[in-house]
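One-letter residues, chain by chain:
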Amino acid sequence: MSTFTVPRQIAGLIAWLVTCFVISAIGAAASIDAGPFYAELVRPDWAPPGWIFGPVWITLYALMGIAAWVVWRQAGFRAARAALTLFLVQLVFNATWSWLFFGWRLGGLAFVDILVLAVLIASTLAAFWRKTRIAGTLMVPYLLWVAFAAVLNYTLWRLNPQALG
């Protein structure tokens, strides 16, 4: 357990949450017209309604930020450099997906991105798990959602070649 003071631990939690939500905002900038665009796509019967994505992602970003904080507070960034660097790299792929799919409407490249993202999340989850099981467990819903999103991405891309190049 870390010897960080309570104020430093609180500041760390805020920093990890802000990091996650800044990445969320970068991705959201590409998703400004996502609602109408998603509604126009041919979707499989099992596709969730568009309104569900916002609450799900808010929850997932909060869980991710808490997971990173739990790893960080064990001994700081230096002691968990590999795990936390993996975490930061997967955040980049997370934001990039929104730009590929919604911003630039490149379904195939978005699919490649989300596959790489899933591998990075699984690697981060494993690295976090080795530091503390709590942090690894907090990443499980994110991995499951992204796996589902990958199948949805592929399906939408194949059903909508005119809209998702």
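(A) Layout of the environment of Ala163. With respect to the helices and strands, the residue Ala163 is situated in the segment after helix 6 (133-159). Looking at Ala163, the relative accessible area reads 22%, which means it is partly exposed. Between the alpha carbons of Ala163 and Arg105 there is a distance of 6.8 Å; along the sequence they are 58 residues apart. Those residues in contact with Ala163, other than ones at most four positions away along the chain, are Phe37, Leu41 and Arg105.

(B) Up close: the side chain of Asn153. Its place among the elements puts Asn153 in helix 6. Among the residues examined, Asn153 registers a relative accessible area of 2% and is labelled buried. Apart from the residues within four sequence positions on either side, Asn153 is in contact with Trp97, Phe101, Gly107, Ala110, Phe111 and Ile114.

(C) Focus on the nonpolar core. Residues Phe87, Phe101, Phe128 and Met139 are the most contacted members of the largest nonpolar core, which totals 50 residues. When near neighbours in sequence (up to four residues on either side) are disregarded, Phe87 contacts Trp16, Cys20, Met64, Ala68, Thr124, Phe128 and Met139.

(D) Layout of a nonpolar patch on the surface. Where nonpolar side chains cluster on the molecular surface, the patch consists of Val6, Ile10, Ile14, Val18, Val22 and Ile26 and spans about 530 Å² of accessible area. For Ile14, the position within the fold is in helix 1 (residues 6-30).

(E) Examining the packing of aromatic side chains more closely. All chains considered together, the criterion is met by 19 aromatic pairs. Measuring from ring centre to ring centre gives 4.6 Å for Phe4 and Trp72, while their planes differ by 25°; the resulting arrangement is stacked. With a gap of 68 residues between them, Phe4 in the segment before helix 1 and Trp72 in helix 3 (residues 53-75) connect regions that are remote in the sequence. A relative accessible area of 16% places Phe4 in the buried class. Between Trp99 and Trp104 the ring centres are 5.6 Å apart and the planes differ by 40°, which places this aromatic pair in the tilted class. Taking the relative accessible area as the measure of exposure, Trp99 reaches 28% and is therefore partly exposed. Of the aromatic side chains, those joined through ring pairs into one cluster are Tyr38, Trp46, Phe53, Trp145 and Phe148. A cation sits over an aromatic face here: Arg105 above Phe37, 3.8 Å from the ring centre.

Thresholds applied
Residues numbered from 1 in each chain as written. Predicted model: local features only at pLDDT ≥ 70, side-chain atom pairs only at ≥ 80, totals over all residues. Heavy atoms only, no water. Helix = DSSP H or I, 4+ residues; strand = E, 2+ residues; numbered from the N terminus. Buried < 20%, exposed > 50% of the residue type's maximum accessible area, 1.4 Å probe, protein only. Contact = heavy atoms within 4.5 Å. Core = buried A, V, L, I, M, F, W, Y, C linked by side-chain atoms within 4.5 Å. Patch = residues over 30% accessible without salt bridge, like charges linked within 9 Å, V, L, I, M, F, W, Y side chains within 5 Å. Areas by Shrake-Rupley, 256 points an atom, 1.4 Å probe, with all protein chains shown as cover. Salt bridge = Lys/Arg side-chain N within 4 Å of Asp/Glu carboxyl O. Phe/Tyr/Trp six-rings, centres within 6.5 Å; stacked < 30°, edge-to-face > 60°. Lys NZ or Arg CZ within 6 Å of the ring centre and 35° of its normal.

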